[in-house]
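# Commentary on secondary and tertiary structure
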Amino acid sequence: MNKEKHFMVTKLIVSDEKMGNEETQVIETVELEAVMTRRVQVIDWHALQDRAVWKQGWVA
């Protein structure tokens, strides 16, 4: 989209969840930054698992 092909995860947005007596942090969303344009977008981290849309690593 917008000729952007390469992105970096620049921030993890977490929430605190209590499980029993322990509090853990759970990733909710991630902040992605386009390498060339520096445009930032926030998406659900589960969306990164959609191989039809995202590929891990640098692809030519």
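Every chain is numbered independently, its residues counted from 1 as its sequence is written. Local features are withheld for residues below a pLDDT of 70 in this predicted model, meaning they are given only at 70 or higher, and side-chain atom pairs are given and counted only at 80 or more; totals for whole chains, interfaces and linings count all residues. Calculated side-chain values reflect all of the structure's heavy atoms, with hydrogen atoms and water omitted.

### A look at the sheet that holds strand S2 (residues 22-34)
Strand pairing in a sheet takes place through backbone hydrogen bonds and is either antiparallel or parallel in direction. The condition that has to hold: Only strands joined by at least two bridges in the DSSP assignment are considered to pair. Starting at the N terminus, helices and strands are each numbered in turn, a helix being any DSSP run of H or I of at least four residues and a strand any DSSP run of E of at least two. Note on definitions: angles span 0 to 180 degrees between N-to-C directions of axes, and those axes are lines fitted to C-alpha atoms, for helices only across the stretch in contact.
If you trace the 3 strands from one edge of the open sheet to the other, you get S1-S2-S3, paired in antiparallel fashion. Each end of this open sheet is capped by a strand with a single partner; those strands are strand S1 (7-19) and strand S3 (40-44). Taken over all neighbouring pairs, the strand axes of this sheet differ in orientation by 30° on average, direction set aside. Pairing between S2 and S3: 5 bridges, direction antiparallel. Opposite Glu31, over in S3, you have Val42 as the bridge partner.

### What about the confidence of the model for the chain?
The predicted coordinates of low-pLDDT regions are not to be read in fine detail. Going by this rule: pLDDT runs from 0 to 100 and stands for how confident the predictor is about each residue.
Residue-level pLDDT values for the chain average 88, and 93% of them are 70 or greater. Across the chain, the element-wise mean pLDDT spans from 90 in S1 up to 95 in S3.

### Points about the pattern of salt bridges
Going by this rule: Any Lys or Arg side-chain nitrogen located within 4 Å of an Asp or Glu carboxyl oxygen qualifies as a salt bridge. Here the term buried applies to any residue with accessible area under 20% of the maximum for its type, exposed to any over 50%, and partly exposed to those in between, with areas from a 1.4 Å probe on protein chains only.
Going through the model one piece at a time under the given rule, you end up with 3 salt bridges. For Arg39, the salt bridge goes to Glu4, with nearest N and O atoms at 2.6 Å. Here Arg39 is found in the loop between S2 and S3, whereas its partner Glu4 is found in the segment before S1, with 35 residues between them in sequence. Overall, Arg39 belongs to the partly exposed group, its relative accessible area being 28%. Looking at Glu4, the relative accessible area reads 9%, which means it is buried. Here Glu33 makes a salt bridge to Arg38, at a shortest N to O gap of 3.1 Å. On the basis of relative accessibility, which here comes to 15%, the residue Glu33 falls in the buried class. Residue class for Arg38 comes out exposed when judged on its relative accessible area of 55%.

### Overview of the environment of Val40
Here is the rule we go by: Here a residue-residue contact requires only that any non-hydrogen atoms of the pair lie within 4.5 Å.
By secondary structure assignment, the location of Val40 is in strand S3. A sequence separation of 13 residues divides Val40 from Ile27, and the C-alpha atoms of the two residues are 18 Å apart. Residues within four places of Val40 in sequence aside, it is in contact with Glu31, Leu32 and Glu33.

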